[in-house]
Amino acid sequence: MRFVLLGAAALAVPLVAATGQTPAPATASAPRSAEAIFADRLSNDPRAESLRPYGQRIPPEVRTDKTVQFGKALRIPISGAIPEFGRIGVVTPTLKPVRKGDRIVIAFWARAQRTEGDAPGKICRSQLEATPVVRTIFEQPFDITPEWKMYKLIGKADQAYPAGGLNAAFHLGCAKQTIDIGPVFILDYGQ
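A quick note: this is a predicted structure, and the numbers were derived from the prediction, not measured.

Enquirer: Help me out: how do you make sense of the nonpolar core in this one?
Expert: As a rule of thumb, nonpolar side chains are buried together in soluble globular proteins. Formed by 32 residues in total, the largest nonpolar core has its most connected members in Ile106, Phe108, Ile123, Phe170, Leu172, Ile181 and Val184. For this core, the secondary-structure elements that each account for two or more residues are strand S3 (72-78), strand S5 (103-115), strand S6 (121-130), strand S7 (135-144), strand S8 (149-156), strand S9 (166-171) and strand S10 (177-188). Once residues within four sequence positions are removed from consideration, leucine 172 is found in contact with Ile76, Ile78, Phe85, Ile88, Gly89, Val90, Lys122, Ile123, Cys124, Gln177 and Ile181. Formed by 10 residues, the second largest nonpolar core is a distinct cluster that contains Val68, Ala73, Trp148 and Leu187.

Next up, the structure:
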């Protein structure tokens, strides 16, 4: 059920952007659907095509993959560990403002496509960061399995931010590996 709700709500975001129409608010006689509530919480465009890779001379490409939600993933090959592992990664910005104290959940699909010696894949650090001067709000490293799996990290906004004032960021330069990142959801659960 969770997969269906994430998919339906996330598909609503591009449709709202394309049509300029927002879902009608709930009334006493018409309760809001789970999809509408989820779409209100969604603070970014979750599609793999919207991810912004950085740090490599040849940018990674979005690939078709029918085994992950929405059927697309960004494949990021890393040739080896680098001392400043945050120099290679991916970000996705918020599209809505965030209030101080809001509970933020970053949920993302990932898998380790290739690693050395069958080690787990590594996301050195996943974080919610302030922009344009990068400052970490909360963070967590992840070991990534070879199968698609949804991972999540949770924290609170330390202050109010305008739309675009926060990114979900994934730092990947800590191992020789190829990581696939599918949809990334930044969800604002409010106070």
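Now that the structure has been shown, the text picks up again.
Enquirer: Before we go on, may I ask you to explain the state of the cysteines in this structure?
Expert: In a disulfide, the sulfur atoms of two cysteines are covalently bonded to one another. Across all of its chains, the model carries one disulfide by this definition. Residue cysteine 124 pairs covalently with cysteine 174 via a disulfide, S to S 2.2 Å. What sets the handedness of the cysteine 124 and cysteine 174 disulfide is the S-S torsion sign, and at about -100° it is left-handed. Of this pair, cysteine 124 sits in strand S6 while cysteine 174 sits in the loop between S9 and S10, placing them 50 residues apart in sequence.

Enquirer: Just to check I follow, could you spell out the packing of aromatic side chains for this structure?
Expert: Within a pair of aromatic rings, the relevant descriptors are the distance that separates the centres and the angle that separates the planes. For the structure shown, the criterion picks out six aromatic pairs. Their ring planes at 25° and their centres at 5.6 Å tell us that phenylalanine 108 and tyrosine 151 sit as a pair that is stacked. Residue phenylalanine 108 is located in strand S5, and its partner tyrosine 151 is located in strand S8; the two are separated by 43 residues in the primary sequence. For tyrosine 151, a relative accessible area of 6% gives the class buried. In this structure, arginine 103 is placed above the aromatic ring of tyrosine 189, and the distance from its NZ or CZ to the ring centre is 4.8 Å.

Rules used throughout
Residues numbered from 1 in each chain as written. Predicted model: local features only at pLDDT ≥ 70, side-chain atom pairs only at ≥ 80, totals over all residues. Heavy atoms only, no water. Core = buried A, V, L, I, M, F, W, Y, C linked by side-chain atoms within 4.5 Å. Buried < 20%, exposed > 50% of the residue type's maximum accessible area, 1.4 Å probe, protein only. Helix = DSSP H or I, 4+ residues; strand = E, 2+ residues; numbered from the N terminus. Contact = heavy atoms within 4.5 Å. Disulfide = S-S within 2.5 Å. Phe/Tyr/Trp six-rings, centres within 6.5 Å; stacked < 30°, edge-to-face > 60°. Lys NZ or Arg CZ within 6 Å of the ring centre and 35° of its normal.

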